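Structure assessment
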Amino acid sequence: MDLVEVLPNRLHMLRFPIGQAYLWQDGEALTLVDSGNVESAAEIEGAIRSLGLDPGRLERIVLTHCHGDHIGAAGELAARWDARVLAHRLDAPVIRGELPVPEPVLLDWEVPLYEHALTVVPGASPTPVDGELEDGDVLDFGDGAHVVHAPGHTDGSIGVHLPRHGVLFTGDCVAAVGPLMLGVFNVDRARAIDSFHRLAALAPSVACFGHGDPLTSDTAAALAKAAAETTT
């Protein structure tokens, strides 16, 4: 795992072989956005300690959607450090193991990528969800973190927008692996494109993706351009 500073003393990316999570600091209080796969808990705790921070100050884990490379370590971390796990109402039953992970509708070129992903991302264990989120909810971190429902990748995918800091977490709605683009493996591509436009319209100065390096320069313009160029 790589630990990458995005904003000094505020935001770090935790990059795994597949996917990534983000650690937000409000002083000593910590929030994790996504949690890597089921084998990632020890590495996340080690990264927190390497920053001189206490994992016991982890207050919440916000899950952008229900896939195993995003939710995997949430249950273990939450149980160990008494953090609350938060996810959108529509993905919460999947995260809890009450419903199966939804199957994506794949484009032809996505099929081999998806088959490979199934072999390298371990399945996630059922994870309790302490709070079910809705569009427009405001969470108590980052001076007000706004939940933005961004369906399409999954029904309950969300973005998390910190308007006072100009930071947007897109989950897998947007990806930056190569060119900035719509994320892959969507259950509803048309809705995902609509969500891409909605997130781009927030015009953040920093965008943090589920896959690919964060965007910190000319971010709003790049998102707007990529969204405008994305078609069905």
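Above this text you will find the structure in question.
My aim in this report is to walk through the structure given alongside it, one point at a time. Everything numeric in this text was worked out from a predicted model, so none of it was measured.

About the cut-offs
- Here, residues in each chain are numbered from 1, in the same order as that chain's written sequence.
- Residues qualify for local features only when their pLDDT is at least 70, as the model is predicted, and side-chain atom pairs are given and counted only at 80 or more; totals for whole chains, interfaces and linings, by contrast, use all residues.
- The side-chain numbers reported here are obtained from all heavy atoms of the structure, hydrogens and water having been left aside.
- What makes two strands pair is DSSP finding at least two bridges between them.
- Helix and strand labels come from DSSP, where a helix needs a run of H or I of at least four residues and a strand needs a run of E of at least two; each type is numbered from the N terminus.
- Axis geometry follows a simple rule: fit a line to the C-alpha atoms, using only the stretch in contact for helices, then measure angles between N-to-C directions, giving values from 0 to 180 degrees.
- Side-chain atoms within 4.5 Å are what join buried Ala, Val, Leu, Ile, Met, Phe, Trp, Tyr and Cys residues into a set we call a nonpolar core.
- Accessibility here uses a 1.4 Å probe with only protein chains present; expressed as a share of the type maximum, an area under 20% marks a residue as buried, one over 50% as exposed, and anything in between as partly exposed.
- It only takes one pair of heavy atoms within 4.5 Å for two residues to be counted as in contact.
- Here, a disulfide means two cysteine sulfur atoms that sit within 2.5 Å of each other.
- Two aromatic rings from Phe, Tyr or Trp, using only the six-membered ring of Trp, form a pair when their centres are within 6.5 Å; if the ring planes differ by under 30 degrees the pair is stacked, by over 60 it is edge-to-face, and anything between is tilted.
- We call a crossover right-handed when, viewed with the strands running away from us, the connection from the first strand over the helix to the second turns clockwise.

For the rest of this paragraph, the subject is the sheet that holds strand 6 (residues 84-88). The strand order 1-2-3-4-5-6-7 describes an open sheet built from 7 strands, whose pairing is mixed. Edge positions in the sheet fall to strand 1 (2-7) and strand 7 (131-133), since each has one partner strand and no second. On average, adjacent strands in this sheet sit at an angle of 25° to one another, irrespective of strand direction. Sheet topology places strand 2 (residues 11-15) next to strand 3 (residues 20-26); 5 bridges connect them, and they run antiparallel.

Soluble globular proteins tend to bury their nonpolar side chains together. Ranked by internal contacts, the top residues of the largest apolar core, which has 27 residues, are Leu32, Ile44, Ile61, Leu63 and Leu77. For this core, the secondary-structure elements that each account for two or more residues are strand 3, strand 4 (29-33), helix 1 (41-50), strand 5 (58-62), helix 3 (74-81), strand 6 and helix 4 (92-95). In terms of residue count, the dominant contributor to this core is helix 1 (4 residues). Aside from chain neighbours lying at most four places away, what touches Ile61 is Leu32, Asp34, Ser35, Ala74, Leu77, Ala78, Ala83, Arg84, Val85 and Leu86. Grouped together as the second largest cluster of nonpolar side chains are 20 residues, Val6, Trp24, Ile158 and Val160 included.

Another aspect to go through is unusual backbone geometry. The phi dihedral of Asp82 falls on the positive side, at around 60°, and the residue is not glycine. Judged by its relative accessible area of 68%, Asp82 is exposed. For Asp143, which is not glycine, the phi torsion reads 60° and is therefore positive. Judged by relative accessible area, which is 43%, Asp143 ranks as partly exposed.

Here we take up the state of the cysteines. In total, this model carries 0 disulfides according to the counting rule given. Cys66 takes part in no disulfide bond, and the closest cysteine sulfur to it belongs to Cys173, at a distance of 14 Å. For Cys66, a relative accessible area of 2% puts it in the buried group.

This paragraph deals with the packing of aromatic side chains. Scanning all chains against the criterion turns up 2 aromatic pairs. Plain terms: the ring middles of Tyr114 and Phe185 are 5.1 Å apart, the flat faces sit at 70° to each other, and that makes the pair edge-to-face. Highlighted residues: Tyr114 in helix 5 (residues 111-120) and Phe185 in the loop between strand 13 (181-182) and helix 6 (189-200), separated in sequence by 71 residues. We note that Tyr114, like Phe185, is buried.

Counting buried positions along strand 5 gives 4 out of 5 residues, so the element sits mostly inside the fold. Relative to strand 5, strand 4 runs parallel, the two being bridged by 4 bridges. Looking at strand 5, one finds that Leu30 is bridged to Leu58. One crossover worth recording links strand 4 to the parallel strand 5 by way of helix 1, and it is right-handed. In the sheet, strand 5 pairs with strand 6 via 3 bridges, with the strands oriented parallel. Paired with Ile61 across the strands is Val85, a residue of strand 6.

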